[in-house]
Amino acid sequence: MSTNYKKSWQKIKPSLKVFGSVTWFLAKLGLVFVLAALFGGVGMGTGMAIGALKDVPEFNPSLLERPFLPSYIYDINGDLITEIHDAENRIPVKKADLPDHLINAFLAAEDNNFDDHPGIDLKGLVRAVITNITTGDSHGASTISQQVIKQVFLTSDKTLSRKIQELYLTLNMEGQYTKNEIFEFYINNATFYDNNAWGIEAAAQTYFNKSVDELTLSESALLVGIPNYPGYYSPHPDNMEPAITRRNDVLARMLRFEYITDEEYEAAKSEEIVLNMQEQRGWPYPHYVDAVLFTHGINALMETGFYDTEADAAQAIRRDGLHIYTAMDPRVQKVVEDVMFSDEYYPNDSFVYPEGHSRAGRRYPQGAAVVMEADTGQVLAVVGGREYNSTNRINRIDRGFQPGSAIKPVMVYGPAFEYGVLSPASVLDDAPTVWPDIRDEWYAPENYAKTFRGMVTVRDAIIISDNIPAMKAFEMVGNQVSPRATTDFATSLGLKIPENSYSMLTSAIGGSNYLVSPLQMTQAFSAFANQGKVSEPIFVTKIVDRNGNEIFTNTPHSEVVMKEETAFLMTNVLRDVVTNPRGTARPANLTKFNVAAKTGTTDDAHDRWTAGYSRDYVFTG
């Protein structure tokens, strides 16, 4: 291990501490005014400094010991689902317990001048001032001390007023705490590593099942890189690339600042990262909670305008004491989980990969399910996989899959009914047909049953799910209305369809030229259930901040995308898909519910779909 360190770490107080208390107060106040003037101009900057300091939060040292407030997630009834906090996986550690290469990794990645500045990196601020003058960007350079203040006392708003408050509070903290204490506040309280790990010791145990003093240089650099964007840089067995890329960036900075030698850099960069993640007790309804934490809660917070980046919003969910109310109905959620997690419903092909396999312990085949209220769009339940553990937390509700024949009501027959090209009683020729294909010169598709039935009604073609009639209907809509009529119709229902899909006949049968997610399909089918109005999915209904202010309210939003007659006709036909003895969705023919549905199966049965609805609910699985 190299001993070529740039920092002695013997100094424990900033140089400005030699002033008496009164002199120190005047000095820091004057410095704040000078910096504000530099950023905003003498007149405006001074005025903003006065306004910012007037409303500056109280410097409460006790908050440094417990800086973050937990957030709470509630179900549709207002009952608590889980508390998002760090108490169960935070292990405080002293700086003296950290190996030198881990300390140096933090310095190189976050604040190389930490030991020399009084909480504010004046050189960095000068660069920020120049940037402000040339680009109008008021963001300054953040030291480790400033990051602690930002997380404990302030919001993530990137305004000049907040920056002035940050500078003032940073100087307060530097005047009352040693550098060692501030560094420990940072490594224990101001760093989040995903997987509910707060602080560097918890991170070491979560990902490597070892303490910080056992970490290699390579492992240290990987962990230090995570807090910059935990949801992206945290290592995952299925996708290590972002974490490795970030690790290499930290190592490069350590080499640049001469904390490590060229040999140590190359060795650490070449070291294989071997995760040893221990099973953790998770929260209830994990896929739904994850959808809120990592996607829909973040989207809701971004709509408030209080956060500049999604990373800031994600951080706020874990640190800002928010009360997040969701549309999850625990009764519906439990039913869906019981079905999805049980092997009883997968008797013919359910198995778990054996030890030694790259997916050892994982349950296959996999699946996902979404249940949404048709008229409000409130998502009552989601399951993103048939298991949930520390090495397999994939949430498939937002992932794309080939839709197969489940797409036909959305891409083919819906627009055909809407534009009057076809009706359920119209007749199509289910006969061998050849189309030109730019790849193989000619394309001769088959039906799933490997047979052709001659002249069939549209209703019968949908019931049996024949491919040839669907492709001919798709072609008719393109020729009689407009080439993009089919894909425009599908897009209006919420699907994300590539630009060129209108020109590809395989789009009619869910070919490989595009993918859709279970959540998108649920939204699309809501238009048939809701008399022609598509409902926007709602996970988060409202968010209340730590002071009781309602900062986000999500009201149901629907948009007319088709005629009521179109929705009626499609529902009438899809009801037959369930009730007709030849219907592909006949297992869904439950006497208690009036269900309409469409199934889809892709090549080699790789993806299998059922998308449908009753009067009140839309479901996809």
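Residues numbered from 1 in each chain as written. Predicted model: local features only at pLDDT ≥ 70, side-chain atom pairs only at ≥ 80, totals over all residues. Heavy atoms only, no water.

Trainee: Before we go on, may I ask you to explain the sheet that holds strand β2 (residues 80-84) in this structure?
Mentor: Strand pairing within a sheet occurs via backbone hydrogen bonds; the two strands may be parallel or antiparallel. Taken in spatial order, the 5 strands of this open sheet run β2-β1-β3-β13-β14, and their pairing is mixed. In this open sheet, the two edge strands, each paired with only one partner strand, are β2 and β14 (550-553). Each strand axis lies, on average, 15 degrees off the axis of its neighbour in the sheet, ignoring direction. Here strand β3 (residues 323-326) runs beside strand β13 (residues 540-544); their pairing, made up of 4 bridges, is antiparallel. Of the residues in β13, the one forming a bridge with His-323 is Val-544. (Pairing = 2+ DSSP bridges. Helix = DSSP H or I, 4+ residues; strand = E, 2+ residues; numbered from the N terminus. Axes fitted to C-alpha atoms, helices over the stretch in contact; angles between N-to-C directions.)

Trainee: Please clarify how the sheet that holds strand β16 (residues 596-601) should be interpreted in this entry.
Mentor: Taken in spatial order, the 5 strands make up an open sheet running β7-β6-β18-β17-β16, and their pairing is antiparallel. Among the strands making up the open sheet, the edge pair consists of β7 (379-383) and β16. The average angle at which neighbouring strand axes cross in this sheet is 5 degrees, direction not considered. This element, helix α16 (residues 330-341), spans β6 (369-373) and β7 of the sheet and lies at about 20 degrees to β7. Sheet strands in contact with helix α22 (residues 564-579) are β16 and β17 (608-613), and its direction is about 65 degrees off that of β16. (Contact = heavy atoms within 4.5 Å.)

Trainee: What exactly am I supposed to notice about unusual backbone geometry here?
Mentor: Residues other than glycine predominantly adopt negative phi, and peptide bonds predominantly adopt the trans conformation. In this model, Asp-194 sits at a positive phi of 70 degrees, which is unusual for a non-glycine residue. Tracing the backbone through its elements, the reader meets Asp-194 in the loop between α8 (179-189) and α9 (200-208). A positive phi angle is found at Tyr-285, which is not glycine, with a value near 50 degrees. Mapped onto the elements, Tyr-285 comes out in the loop between α13 (262-270) and α14 (286-303).

Trainee: Looking at this structure, how should I read the nonpolar core?
Mentor: Inside soluble globular proteins, nonpolar side chains tend to come together where they are buried. By size, the foremost hydrophobic cluster in this structure holds 58 residues, and its most contacted members are Val-410, Tyr-413, Leu-493, Leu-495, Met-521 and Phe-525. Residue assignment for this core shows that the elements contributing at least two residues are α17 (408-418), α18 (458-464), α19 (467-480), α20 (485-492), α21 (518-529), α22, β16 and β17. In this view, Met-521 contacts Ala-406, Ile-407, Leu-495, Val-516, Trp-609, Ala-611 and Thr-620; residues no more than four positions away in its chain are not counted. (Core = buried A, V, L, I, M, F, W, Y, C linked by side-chain atoms within 4.5 Å. Buried < 20%, exposed > 50% of the residue type's maximum accessible area, 1.4 Å probe, protein only.)

Trainee: What's the story with the pattern of salt bridges in this structure? I'm lost.
Mentor: Opposite charge on two side chains allows them to pair when their charged atoms are near. Counting across every chain of the model gives 14 salt bridges. We note a salt bridge from Asp-466 to Arg-453, for which the minimum N-O separation is 2.7 Å. Placement of Asp-466 in the loop between α18 and α19 and of Arg-453 in the loop between β10 (441-443) and β11 (454-457) is noted, with a sequence separation of 13 residues between them. By relative accessible area, which is 4% here, Asp-466 ends up buried. Overall, Arg-453 belongs to the partly exposed group, its relative accessible area being 28%. In this structure, a network of salt bridges that share partners links the residues Arg-453, Asp-460, Asp-466 and Arg-582. (Salt bridge = Lys/Arg side-chain N within 4 Å of Asp/Glu carboxyl O.)

Trainee: Help me understand the pairing of β7 in this model?
Mentor: In the case of a regular strand, side chains alternate between the two sheet surfaces. Most of β7 is tucked away: 5 of the 5 residues are buried. The sheet contact formed by β6 and β7 spans 4 bridges and is antiparallel. Across the sheet, residue Met-372 finds its bridge partner in β7, namely Val-379. Counting the residues between successive antiparallel strands, the hairpin from β6 to β7 contains 5 residues, one of them, Gly-377, with a positive phi of roughly 80 degrees.

Trainee: What exactly am I supposed to notice about the side chain of Asn-447 here?
Mentor: Relative to the assigned elements, Asn-447 resides in the loop between β10 and β11. Only 2.8 Å separates the side chain of Asn-447 from the backbone oxygen of Thr-451, close enough to count as a polar contact. At 2.7 Å, the side chain of Asn-447 and the backbone nitrogen of Asn-467 are in polar contact. In this structure, Asn-447 is in contact with Asp-430, Phe-452, Asp-466, Asn-467, Ile-468 and Pro-469, ignoring residues within four places of it in sequence. (Polar contact = N/O pair within 3.5 Å; in protein donor to acceptor, adjacent residues only side chain to side chain.)

Trainee: Explanation requested: a nonpolar patch on the surface in the structure shown.
Mentor: Taken together, the side chains of Val-335, Val-339 and Tyr-345 define a hydrophobic patch exposed on the protein surface, amounting to about 270 Å² of accessible area. Structurally, Val-339 can be placed in helix α16. (Patch = residues over 30% accessible without salt bridge, like charges linked within 9 Å, V, L, I, M, F, W, Y side chains within 5 Å. Areas by Shrake-Rupley, 256 points an atom, 1.4 Å probe, with all protein chains shown as cover.)

Trainee: Quick question: what am I supposed to make of the confidence of the model for the chain here?
Mentor: Low pLDDT means the predicted coordinates in that region are not meant to be read closely. Mean pLDDT over the chain: 84, with 81% of residues reaching 70 or higher. A low-confidence stretch, residues 1-27 stays under pLDDT 50, and its non-local contacts, those more than four residues away or across chains, total 45 contacts. Across residues 40-45 the pLDDT falls below 50, and counting only partners more than four positions away or on other chains, this stretch makes 8 contacts in the model. (pLDDT = per-residue confidence, 0-100.)

Trainee: I keep staring at the packing of helix α6 (residues 144-153) against α8 and nothing clicks. Help me out?
Mentor: If you want to describe how two helices pack, look at the angle between their axes and the distance between the axes. Packing of α6 against α8 leaves a shortest axis separation of 9 Å and a crossing angle of 55 degrees. The orientation of α6 with respect to α8, classified from their angle, is oblique. Between α6 and α8 the crossing geometry is left-handed. Across the interface between the two elements, Ile-144, Ser-145, Gln-147 and Val-148 of α6 pack against Lys-179, Ile-182, Phe-183, Phe-185 and Tyr-186 of α8. (Parallel < 35°, antiparallel > 145°, perpendicular 65-115°, else oblique. Left-handed = near helix turned anticlockwise from the far one by under 90°.)

Trainee: Mind showing me how you'd approach the environment of Arg-399 here?
Mentor: Relative to the elements of secondary structure, Arg-399 occurs in the loop between β7 and α17. When its relative accessible area of 46% is taken as the criterion, Arg-399 is described as partly exposed. Residues contacting Arg-399, with those up to four places away along its chain left out, are Ile-394, Val-516, Ser-517 and Pro-518.

Trainee: What exactly am I supposed to notice about the packing of aromatic side chains here?
Mentor: This structure, assessed with the given rule, holds 11 aromatic pairs. Ring centres of Phe-106 and Phe-183 lie 6.0 Å apart, and the angle between their planes is 90 degrees; on these two criteria the pair is classed as edge-to-face. Residue Phe-106 is found in helix α4 (residues 100-110), and its partner Phe-183 is found in helix α8; the two are separated by 77 residues along the sequence. Given the relative accessible area of 0%, Phe-106 is considered buried. Geometrically, the ring pair formed by Phe-106 and Tyr-186 is edge-to-face, given 5.9 Å between the ring centres and 85 degrees between the ring planes. Of this pair, Phe-106 sits in helix α4 while Tyr-186 sits in helix α8, and the two are 80 residues apart along the sequence. One aromatic cluster in this structure is built from Phe-106, Phe-114, Phe-183 and Tyr-186. (Phe/Tyr/Trp six-rings, centres within 6.5 Å; stacked < 30°, edge-to-face > 60°.)

Trainee: For this particular structure, what's the right way to read helix α10 (residues 217-225)?
Mentor: The buried fraction of α10 amounts to 9 of the 9 residues, a majority that puts the element mostly inside the structure. Every buried residue belonging to α10 is among Leu-217, Ser-218, Glu-219, Ser-220, Ala-221, Leu-222, Leu-223, Val-224 and Gly-225, and all of these are buried. Packed against the buried residues of α10 are α4, α9, α11 (230-233), α12 (241-256) and α13.

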